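Notes for the structure review
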Amino acid sequence: DGRRVVSGSCDNTLKVWDVATGKCVATLEGHSNWVWSVAVFPDGRHVVSGSWDNTLKVWDVATDECVATLKGHLKGVLSVAVWPNGVISASLDRTLKLFACEI
């Protein structure tokens, strides 16, 4: 919505920031290793994160809850992007994965 941004962190969390104040308004916990990549769904309410724990997580930033954990990579996830039917990810295991997500 232009009022908040989301970042991944080496403390295994995602942070939601208020653009106007620069303050962290939420911390999303659930990954067990560094969060390398985040992407926002077109609805602006959901975010996907990729981590060195080999998983992707889909978050509802309105409730600060993880709504899905996507597995399939053998090594850390370096990059995530939202595509029309879900999420695409790239990993240190030298693969791309497509995950269908209905949000």
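The structure contained in this document is the topic of the report that follows. (Residues numbered from 1 in each chain as written. Predicted model: local features only at pLDDT ≥ 70, side-chain atom pairs only at ≥ 80, totals over all residues. Heavy atoms only, no water.)

What follows deals with the sheet that holds strand β9 (residues 86-91). The 3 strands lie next to each other as β8-β9-β10, forming an open sheet whose pairing is antiparallel. Both edges of this open sheet fall to β8 (77-83) and β10 (96-100), since each of them pairs with a single strand only. Recorded for the sheet is a direction-independent mean angle of 20° between the axes of neighbouring strands. Sheet topology places β8 next to β9; 6 bridges connect them, and they run antiparallel. Each bridged residue has a counterpart across the sheet, and for Ala 81 the counterpart in β9 is Ile 88. (Pairing = 2+ DSSP bridges. Helix = DSSP H or I, 4+ residues; strand = E, 2+ residues; numbered from the N terminus. Axes fitted to C-alpha atoms, helices over the stretch in contact; angles between N-to-C directions.)

Right, let's get into the side chain of His 73. Along the polypeptide, His 73 turns up in the loop between β7 (65-70) and β8. Side-chain polar atoms of His 73 contact the side chain of Ser 89, separated by 2.6 Å. Sequence-distant contacts of His 73, defined by excluding residues within four places in its chain, comprise Asn 54, Leu 56, Ser 89, Ala 90, Ser 91, Asp 93, Thr 95, Leu 96 and Lys 97. (Polar contact = N/O pair within 3.5 Å; in protein donor to acceptor, adjacent residues only side chain to side chain. Contact = heavy atoms within 4.5 Å.)

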